[in-house]
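Spelled out, the chains give:
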Amino acid sequence: MRLPNIRPLAAWRLDADGPEQDLHYELVSALYQTPKSMLSASLVAVAVAGMSGSISGDSFFLFLLAGFLVVGFARVVLNAAFLRHPPEREDRAAVRRWELLALIGAWSFAALVGLTGAYATAAHSGTPTELLSGCCVIGYIAGISSRNASRPLITVGQISATCVPFVFGLGLQADVVHMMLAGFIFALYASTIVMCRKVYETIVSRHRAHAKLEKLALRDSLTGLLNRSALFDLIERMLQQEGETASFGLIAIDLDRFKDVNDTLGHPSGDVVLRETAARLRAVAGPRDEISRIGGDEFVVLVRSGDPESVEAVARRITRAMKQPFRLDITQVGCGASVGYVLAPDDGATVHELMRHVDLALYAAKKRGAGGVERYEAELSRLYQDQMELIQDLQQALERGEFSLVYQPIVDLRQGRITSCEALLRWNHPRRGTISPSVFVPLAETAGLIIPIGAWVLRTACLEAAGWAGDVSVAVNLSALQFKNGAQLIETVLEALHDSGLPKNRLELEVTEGLLIEDKVEAQALIKTFRRHDIGVSLDDFGCGFSSLGYLHEFPFSKLKLDRIFSQNMMGSDRSVSIIKGIVQMTRDLEMDLVAEGVETRGQRDRLARLGLLTMQGYLFSRPVPPEEIRALLAQGSALFEPVRPVPSRRRAASATSAA
């Protein structure tokens, strides 16, 4: 019979090439989980050796008995020590030491069993001593094949230490019976080796399959980091195991401009950024810290140290690492990251509290500006609770009639009259008084309430404007959420115009650059639809964005509203004046109306007029006023403001001189 190659059976050695550490630990631990069977085997071996010596009168069996006593006692003591003080699962060196001790004990015991059988066969052939010892050896071999079948290295060593001397002793007798018995033992020896290999391979393959499934369940498939569920389970275990003494930090990271990367360069580039972010977080985190991707471009680092300075130091290292640009093929992009962090147990005693508080800290960091770092403070929870109360009140504000509109006129200085009015939303809270739109509009967008509120604004503004005399138009601001629901917005606008009777050309819809960035294709189609209906579309806050000029080519705006920063800065800035001149000339060439926002002084008015910008809006002319006051202003017609004659440009003046 050909002996199978035993090299692949030892699928791992003590020093390397082993299965995963968790499986290795479990297999080593299993060697020490049967102390009763180990003690029983030692007692049986001592009894057999003693009985063999007593029957045969051979003192050599007393030597074997002493060997069984020493080896058995040592194994029992080691077993008790392991169970009392097991090694750490992650301590590879300690696990290997315990494994080596188990191997030495098992192989020593097996060698004594084999030596007992071989000596009894060679020295006491055909006697009860041989029968007793031989049966015990065969039974031991059979027991090995089942007990340690999952550990080829141990089993092969044990069965070799037992079978080789025993088969050698049988062979020395050179008779048919002993040779047949030797052949049987050899066949059992070979089959046990093959069985061990199959059992071990099955166990390892199942473990790896289980590990793969576990990874899918607990790991983020893109980055290999812990997912949200695994992170929460880890925090929960730490809080339960350590109780009030649990001390660690949680750092939440959100990429500041990740959406721009996804929208402009595509999701594959976004995936590269996420994987690189994971690598950078691994580089700056400690060796015992855990990193998780909890969704989208949000990451959390669990810092094992609860020292405030250590946690903040990690947070600062993260922001510095994320400031470095990401290389995407032939280009580089910058994202940056905002960071918020909490400390347990100071900032929370449960997973829910800690995650809620770290989210609040992250939100505060993002409000401060890109790349900010913020630690949670109790004041953030108070502000959050206040916002939640406002959202609850917002849900009923429309039904209670707490909203109202005020109107700020837009003046054409050439005619000295109001040509349009911007409708501005106000919330008259029953307890808090008037609440600024900058406070409640973002909350309404977050809560999804801006759609019905925006529809009310459109209907109310159109009804009010329908009662104005002449051709004065009304301008209504649109929110990002309204703009995303394009089909519903078109229906709402047309319905408001129809119900109010306001001519379509007297409605202007104001949008900001932020709305256009979301989805240029959809935005372009939506604006074109409004323009086909003869509804005006204005680009608000023009000049404050990074790519506003590009939008003039892509979107058919009817009007530009120059951001107030130009009106406020031009008195002391020649650069602002030059920019305004260029914008005035550009809008003339594009046949677009141009409005200067934020005009507050006569000096600003006069200088803008000299630059050729004669349509203005600002506190110089009127603050936002209630409907009854705007009606009174409109009733005054052209008598309200003194007309201003436009100053001809140098080019026009030169042409007039040449003609003369």
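Residues numbered from 1 in each chain as written. Predicted model: local features only at pLDDT ≥ 70, side-chain atom pairs only at ≥ 80, totals over all residues. Heavy atoms only, no water.

**Observations regarding the overall build of the protein**
- The number of helices and strands found in the protein is 25 helices and 16 strands.
- The buried share of the protein, reckoned over its 660 residues, is 46%.
- Here the contacts in the protein between residues at least 6 apart in sequence split such that 71% fall between residues at least 24 apart.
- Summed over its atoms, the accessible surface of the protein is roughly 33,200 Å², and 55% of this surface lies on carbon and sulfur atoms. (Helix = DSSP H or I, 4+ residues; strand = E, 2+ residues; numbered from the N terminus. Buried < 20%, exposed > 50% of the residue type's maximum accessible area, 1.4 Å probe, protein only. Contact = heavy atoms within 4.5 Å. Areas by Shrake-Rupley, 256 points an atom, 1.4 Å probe, with all protein chains shown as cover.)

**Quick notes on helix 23 (residues 602–610)**
- Along helix 23, the residues that are buried comprise Gln604, Arg605, Leu608 and Ala609. For helix 23, the angular spread of buried residues about the axis comes to 130°, placing them on one side. The exposed set on the far side of helix 23, more than 90 degrees from its buried face, consists of Arg602 and Arg610.
- On its buried face, helix 23 sits against helix 21 (564–569), helix 22 (574–590), strand 15 (593–596) and strand 16 (615–616).
- Where helix 23 ends, the next residue or the one after it, Gly612, has phi of about 95°, a positive value. (Arc of directions from axis to C-beta.)

**A short note on the nonpolar core**
- Counting residues in hydrophobic clusters, the biggest one holds 79 residues, and the most contacted among them are Phe483, Leu507, Leu516 and Phe557.
- Among the elements that line this core, the one with the most residues is helix 15 (residues 450–466), at eight residues.
- For Leu516, the residues in contact, after removing those within four places along its chain, are Phe483, Val511, Ala523, Ile527, Leu539, Tyr551, Phe555 and Phe557.
- If you look at the next biggest cluster of nonpolar residues, it comprises 31 residues, including Leu225, Val261, Val314 and Tyr341. (Core = buried A, V, L, I, M, F, W, Y, C linked by side-chain atoms within 4.5 Å.)

**A short note on a nonpolar patch on the surface**
- A cluster of nonpolar side chains, Leu39, Leu43 and Val76, forms an exposed patch at the surface whose accessible area comes to about 250 Å².
- Position of Leu43 among the secondary structure elements: in helix 2 (residues 35–56).
- Leu43 gets classed as exposed once you look at its relative accessible area, which sits at 55%. (Patch = residues over 30% accessible without salt bridge, like charges linked within 9 Å, V, L, I, M, F, W, Y side chains within 5 Å. Salt bridge = Lys/Arg side-chain N within 4 Å of Asp/Glu carboxyl O.)

**Here we look at the pattern of salt bridges**
- Going through the model one piece at a time under the given rule, you end up with 21 salt bridges.
- In this structure, Asp412 engages Arg414 in a salt bridge whose closest nitrogen and oxygen atoms are separated by 3.2 Å.
- Of the residues examined, Asp412 reaches a relative accessible area of 7% and is grouped as buried.
- Taking relative accessible area as the criterion, Arg414 reaches 48% and is therefore assigned partly exposed.
- Note that Arg605 is salt-bridged to Asp606, the shortest N-O span being 3.0 Å.
- For Asp606, a relative accessible area of 32% translates into the label partly exposed.
- Taken together, the salt bridges that share partners define one network made up of Glu422, Glu510, Lys561 and Glu597.

**A few points about the side chain of Asn227**
- Looking at the secondary structure, you find Asn227 in the loop between helix 7 (176–218) and helix 8 (228–242).
- According to the relative accessible area criterion, Asn227 is buried, its value standing at 15%.
- Aside from chain neighbours lying at most four places away, what touches Asn227 is Ala217, Leu218, Arg219, Asp220, Ser292 and Arg293.

**So, the environment of Lys484**
- Here Lys484 lies in helix 16 (residues 480–484).
- For Lys484, a relative accessible area of 54% translates into the label exposed.
- Here the alpha-carbon distance between Lys484 and Leu515, two residues 31 residues apart in the chain, equals 8.4 Å.

**Re the environment of Phe186**
- Looking at the secondary structure, you find Phe186 in helix 7.
- Among the residues examined, Phe186 registers a relative accessible area of 32% and is labelled partly exposed.

None of the figures reported here should be taken as evidence of function without further support.
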